[in-house]
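# Examination of the molecular architecture
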Amino acid sequence: MSVDPRPELQYLKPAEHGGPDLAELNELGLSPDLILDFSTCINPFGPPPGWRKVLRSLPVEFYPDSDSTQLRRRLASKLGLSGERVLVGAGSVELLRLTTLSFLSPGDLVLIPQPTFGEYEMASRLAGARVLKVRGREEDDFRFDVEQLAHLLRRHRPRMIFLCNPNNPTGQYLKRQEVEVLLEASPESLLVLDEAYISFVRDPWPSLDLLNRGHVLILRSLTKDFSLAGVRLGYALASEKGISVLRRVQPPWSVNVVAQKLGLLALERDDWLEGCRRKLWREQVFLKRGISRLGFQVLPSKAHFFLVRVGRATRFRKLLLQRGILVRDCTSFGLPDHIRLSPRSRSHNRRLLLALSELREAL
Ligand SMILES: Cc1ncc(COP(=O)(O)O)c(C=O)c1O
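## A word on the pattern of salt bridges
On inspection of all chains with the given rule, the structure shows 27 salt bridges. Salt-bridge contacts for glutamate 24 lead to lysine 318; the nearest nitrogen and oxygen are separated by 3.5 Å. Separated by 294 residues along the polypeptide, glutamate 24 in helix H1 (residues 22–28) and lysine 318 in helix H12 (residues 313–321) bring together distant segments of the chain. Judged by relative accessible area, which is 11%, glutamate 24 ranks as buried. A relative accessible area of 36% places lysine 318 in the partly exposed class. Across the pair glutamate 178 and arginine 143 runs a salt bridge whose closest N-O atoms are separated by 3.3 Å. Remark: arginine 143 occurs in the loop between strand E4 (130–135) and helix H6 (146–156) and glutamate 178 occurs in helix H7 (residues 176–185); sequence separation between them is 35 residues. For glutamate 178, a relative accessible area of 17% puts it in the buried group. What emerges from the salt-bridge pattern is a single network uniting Arg176, Glu180, Glu184, Asp209 and Arg213.

Shown next as structure tokens:
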């Protein structure tokens, strides 16, 4: 006898992400250690020195504290919020799924401005929701059209709206007034504000007081800030009621002992993050200038990563990969002519520029 899954899962495909595909590298005879990865947007400078040593003394034989109590409290006091308004998760992706499972019922409508992070649609569909997508126009560099979104919110009254700010993959950053327009247009919708990359915006506006409106949930990622992609660490901020629901839905022991410990250390290292941020901005300017000089169109971005128009992105990515350089083909975002790049160190960025100039000649 076979048991069918829920019908809405039948045609669900995993969202695509940057990062190396080991099977593909294998096929091309490339070693993962020798690949320069410009395709993910995490801090490329690694965690602070000394953190690896800490791992040796961790109590891995015990279950972790399901509430991440110490980390949650420290985070809350740093942000000036009560501990009941904070939930720590195994990356913001876990918190995203908890959010849709907690607040969406089958058939509910979710508004997802495009192009954006594919996991919003995935999480919404997993909860059985319907998804309404609306795209920013190419002539506006794919920026979300706030007036159009406000109109759709008033007209369709979706249960939830996702806003990635700054947006992945464009790096476009909505102003506070624009987010407020959307909040006012949707008093009955939960606005999920994904600030996974907020640490890499040069002049971010303060968003935490938006939580007082009751229908806002903010997601952030320590994974990106401190280069902990292999550890998985993020947090959600919302009303006490909202967080208490997510907490009930979260599996026990979700945030492991390594993540909790490194999270506590991260909260003491604003200096490290600030240093990395400055280097990244410098490298972003260097890279953008170099790429523009080669004649490629570089799109504006308020984050460290940015889009480049290359034409036939899938082929372009493959050609770069053969030269040991990995970039994000944006076809899965609905942008088949664009790649997304996230700067690395100066020497790595120089290698990327060299590979791009060789390709420019060859194409
Ligand atoms: C916009 C956005 N939000 C969340 C995430 C996931 O972050 P985490 O590693 O904290 O789960 C990503 C990862 O690519 C992302 O691009």
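Having seen the model, we can carry on.
## Re the nonpolar core
By size, the foremost hydrophobic cluster in this structure holds 57 residues, and its most contacted members are Leu163, Leu182, Phe226 and Leu237. The two domains that each donate at least three residues to this core are domain 1 (7–46 + 271–362) and domain 2 (56–268). Other than its neighbours up to four places away in sequence, leucine 163 contacts Pro113, Phe144, Leu174, Val179, Leu182, Leu191, Val192, Leu193 and Asp194. Counting 25 residues, the second-largest nonpolar core is a separate cluster that includes Leu98, Leu104, Ala129 and Val131.

## Things to note about the site of the ligand
Looking at the ligand, there are 14 residues lining it, with Ser92, Asp194, Tyr197, Lys224 and Arg232 nearest. At 3.0 Å, a side-chain N or O of lysine 224 approaches an oxygen atom of the ligand. Protein burial of the ligand: of its 400 Å² of free accessible surface, 91% is covered by the chains. Classifying every residue of the shell around the ligand by side-chain character gives six nonpolar, five polar and three charged.

## Quick word on the pairing of strand E3 (residues 109–114)
The element E3 is largely enclosed, with a buried count of six among its six residues. Going residue by residue along E3, you find Leu109, Leu111 and Pro113 tucked away on one face and Val110, Ile112 and Gln114 tucked away on the opposite face as well. With helix H5 (residues 119–126) bridging E3 and its parallel neighbour E4, the resulting β-α-β unit is right-handed. Note: E3 against strand E5 (residues 160–164), two bridges, orientation parallel. In the strand pairing of E5, valine 110 is matched with methionine 160.

## A word on the sheet that holds strand E7 (residues 216–221)
Pairing within the open sheet is mixed, and its seven strands lie in the order E2-E8-E7-E6-E5-E3-E4. The open sheet has two free edges, formed respectively by strand E2 (86–89) and E4, since each of these has just one partner strand. Across the sheet, the mean angle from the axis of one strand to that of its neighbour is 20 degrees, orientation sign disregarded.

## Section: the sheet that holds strand E13 (residues 338–341)
Strand order in the open sheet formed by four strands is E9-E10-E13-E12, with antiparallel pairing between adjacent strands. Strand pairing shows two members of the sheet lacking a second neighbour, strand E9 (297–298) and strand E12 (328–329), which therefore form its edges. Relative to strand E10 (residues 306–309), E9 runs antiparallel, the two being bridged by two bridges. Bridging from a neighbouring strand, valine 298 pairs with valine 308 of E10.

## What about the domain arrangement of the protein chain?
Each assigned domain of the protein chain is listed with its residue range as follows: domain 1 (7–46 + 271–362) and domain 2 (56–268). One C-alpha centre belongs to domain 1, the other to domain 2, and the line joining them spans 24 Å. Contact with domain 1, which involves 33 residues of that partner, is made by 33 residues of domain 2. In total, domain 1 and domain 2 occlude about 2800 Å² of area from one another, counting both sides; carbon and sulfur atoms represent 65% of this.

## A short note on H6
Of all the residues in H6, the buried ones are Val146, Leu149, Ala150, Leu152 and Leu153. For H6, the arc enclosing every buried residue in end-on projection is 160 degrees, short of the 170-degree limit, so these residues lie on one face. Facing away from the buried side of H6 by more than 90 degrees, the exposed set consists of Glu147, Arg154 and Arg155. Elements in contact with the buried residues of H6: E3, E4, E5 and H7. The opening residue of H6 is aspartate 145, an N-cap whose side-chain oxygen sits 3.2 Å from the backbone nitrogen of glutamate 147. Phi turns positive one or two residues past the end of H6, at arginine 157, with a value near 45 degrees.

## Observations regarding the environment of leucine 153
Here leucine 153 lies in helix H6. Each residue touching leucine 153, except ones within four places of it in the same chain, is listed here: Leu111, Pro158, Ile161, Leu182, Ala185, Ser186 and Ser189.

## A closer look at the packing of aromatic side chains
The tally for this structure, following the rule as stated, stands at seven aromatic pairs. When the centroid spacing of 4.0 Å and the interplanar angle of 20 degrees are considered together, the rings of tyrosine 63 and tryptophan 253 count as stacked. You can see tyrosine 63 sitting in the loop between helix H2 (51–54) and helix H3 (69–79) and its partner tryptophan 253 sitting in the loop between helix H9 (240–249) and helix H10 (257–267), a full 190 residues away along the chain. Residue class for tyrosine 63 comes out exposed when judged on its relative accessible area of 61%. Residues tyrosine 197 and phenylalanine 305 carry aromatic rings whose centres are separated by 4.9 Å and whose planes lie at 70 degrees to one another, so their mutual orientation is edge-to-face. With tyrosine 197 in the loop between strand E6 (190–194) and E7 and phenylalanine 305 in the loop between E9 and E10, this pair connects stretches of sequence that are 108 residues apart.

Rules used in this analysis
Residues numbered from 1 in each chain as written. Predicted model: local features only at pLDDT ≥ 70, side-chain atom pairs only at ≥ 80, totals over all residues. Heavy atoms only, no water. Salt bridge = Lys/Arg side-chain N within 4 Å of Asp/Glu carboxyl O. Helix = DSSP H or I, 4+ residues; strand = E, 2+ residues; numbered from the N terminus. Buried < 20%, exposed > 50% of the residue type's maximum accessible area, 1.4 Å probe, protein only. Core = buried A, V, L, I, M, F, W, Y, C linked by side-chain atoms within 4.5 Å. Domains from an automatic or database assignment. Contact = heavy atoms within 4.5 Å. Near = heavy atom within 4 Å. Polar contact = N/O pair within 3.5 Å; in protein donor to acceptor, adjacent residues only side chain to side chain. Areas by Shrake-Rupley, 256 points an atom, 1.4 Å probe, with all protein chains shown as cover. Nonpolar A, V, L, I, M, F, W, Y, C, P; charged D, E, K, R; others polar. Right-handed = clockwise from strand over helix to strand, strands pointing away. Pairing = 2+ DSSP bridges. Axes fitted to C-alpha atoms, helices over the stretch in contact; angles between N-to-C directions. Buried area = accessible area lost by both parts, 1.4 Å probe. Arc of directions from axis to C-beta. Phe/Tyr/Trp six-rings, centres within 6.5 Å; stacked < 30°, edge-to-face > 60°.

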